Amino acid sequence: MITVEQVRELAVTLPRTSEHLIRDRVKFRVGSIVYVAFSRDETVMGFAFPKEERAALVESEPGRFRLPGESDMRFNWVEAWTAALDEPEMRELVMDAWRMVVPKKVAAARLGS
C-alpha cells in the first residue's frame, strides 16, 4: 500500500513540481498540468497515462487499475487503488506521469538520458 507521503517524497525531487490542495484533494503538477492526484480519502491515485494504452492497462489488472470517471476520459489519465500498489510500482508510475508533462530536456536532465 502506498501513501500520499511516499508520493510526496518522490514528487518534491522532480523539477518543476508543485503540490496543491484543491477541494480537499492532494495534487502534484507541473505548471497548470496535474500529473498525480489523490481521491479525498486517499484510496485512489490518479496519474497521467497515455490514452491509447490505458484500456490495456486496466484490462490487464482490473483489481489494481481503473478508468477515470466519464468527465476525465478526455485526458491522458488512469487511476489505481493505493492499497494495490507497492512503492517500486508507484515510483515508476509517478516518474512516467511526470515525464509526460515536462519538456523532454527537463526529463533528460533529471533522468540522465
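Data block above holds the structure.
What you are looking at is a predicted structure, and each value in this text was computed from that prediction instead of being measured.

1. Overview of the pairing of strand 4 (residues 44-48)
The element strand 4 is largely enclosed, with a buried count of five among its five residues. With burial as the criterion, each face of strand 4 is covered, one bearing Val44, Gly46 and Ala48 and the other bearing Met45 and Phe47. Pairing of strand 3 (residues 33-38) with strand 4 involves three bridges; the strand directions are antiparallel. Bridged to Val36 within strand 4 is Phe47. Remark: five residues form the turn of the hairpin made by strand 3 and strand 4, two consecutive strands paired antiparallel; Glu42 in that turn has positive phi of roughly 65 degrees. Bridge count for strand 4 against strand 6 (residues 77-81) is five bridges, and the pairing is antiparallel.

2. A closer look at the sheet that holds strand 2 (residues 25-30)
Within a sheet, adjacent strands bond to each other through the backbone by hydrogen bonds, running parallel or antiparallel. If you walk across this open sheet you meet the six strands as 1-2-3-4-6-5, and the pairing is antiparallel. If you trace the sheet from one side to the other, it starts and ends with strand 1 (17-22) and strand 5 (65-66), each paired once. Sitting on the sheet, helix 2 (residues 51-60) touches strand 4, strand 5 and strand 6, and the angle it makes with strand 6 is about 20 degrees.

Criteria and thresholds
- Residues numbered from 1 in each chain as written.
- Predicted model: local features only at pLDDT ≥ 70, side-chain atom pairs only at ≥ 80, totals over all residues.
- Heavy atoms only, no water.
- Buried < 20%, exposed > 50% of the residue type's maximum accessible area, 1.4 Å probe, protein only.
- Helix = DSSP H or I, 4+ residues; strand = E, 2+ residues; numbered from the N terminus.
- Pairing = 2+ DSSP bridges.
- Contact = heavy atoms within 4.5 Å.
- Axes fitted to C-alpha atoms, helices over the stretch in contact; angles between N-to-C directions.

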